[in-house]
Amino acid sequence: RRAAVPVVSNIAEGRSRDTDRDFTHFLYMARGSCSELEAQTYLSIRLHYITIEQAQELLRICDRESRALMQLIKRLKESSLR
């Protein structure tokens, strides 16, 4: 649970910044937090804290959110070029 908090926190903090460049920076940090959560999910399986089924659901969510973050980053970059 604690590993998921930085994802949302980085998005929220970035959104409150004044520029798209700052927001993009925090979106990249949120994406990094997604990767960290994935790694911790695999570790949790190995340590028998969660089941493989639970891990699969977490990994699906991480993948979906990571893709959404990249789409948003791409759109922000494209809009700054205009």
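Structure: above.
Residues numbered from 1 in each chain as written. Predicted model: local features only at pLDDT ≥ 70, side-chain atom pairs only at ≥ 80, totals over all residues. Heavy atoms only, no water.

J.: Before we move on, could you go through helix H2 (residues 20-46) and cite the residues and values that matter?
T.: Think of an α-helix as turning once every 3.6 residues; residues three or four places apart then point the same way. For H2, which comprises 27 residues, the first-to-last C-alpha distance of 39 Å matches the rise-based estimate of 39 Å (1.5 Å per residue) to within 8%. Residues Phe 23, Thr 24, Phe 26, Leu 27, Ala 30, Ser 33, Cys 34, Leu 37, Thr 41 and Ser 44 constitute the buried set of H2. The secondary structure elements touched by the buried residues of H2 are helix H1 (5-15) and helix H3 (52-81). Immediately downstream of H2, the backbone of His 48 shows phi near 65 degrees, a positive value. (Helix = DSSP H or I, 4+ residues; strand = E, 2+ residues; numbered from the N terminus. Expected span 1.5 Å × (residues − 1). Buried < 20%, exposed > 50% of the residue type's maximum accessible area, 1.4 Å probe, protein only. Contact = heavy atoms within 4.5 Å.)

J.: Outline H1, supporting the account with residue identities and numerical values.
T.: Among the residues of H1, those classed as buried are Val 7, Asn 10 and Gly 14. Taken end-on, H1 shows its buried residues confined to a sector of 70 degrees, consistent with a single buried face. Opposite the buried face of H1, at more than 90 degrees from it, the exposed residues are Val 8 and Arg 15. (Arc of directions from axis to C-beta.)

J.: A description of the pattern of salt bridges should follow, citing residues and the corresponding values.
T.: This structure, assessed with the given rule, holds 4 salt bridges. The partner of Glu 13 in a salt bridge is Arg 17, and the shortest N-O contact between them spans 2.7 Å. When its relative accessible area of 35% is taken as the criterion, Glu 13 is described as partly exposed. Close ionic contact of Arg 67 with Asp 63 constitutes a salt bridge, the shortest N to O distance being 3.0 Å. One end of the pair is Arg 67 and the other is Asp 63, both in helix H3 and 4 residues apart, which spans about a single turn. Given a relative accessible area of 56%, Arg 67 falls into the exposed group. (Salt bridge = Lys/Arg side-chain N within 4 Å of Asp/Glu carboxyl O.)

Purely geometric stuff here, so don't read any function into it on its own.
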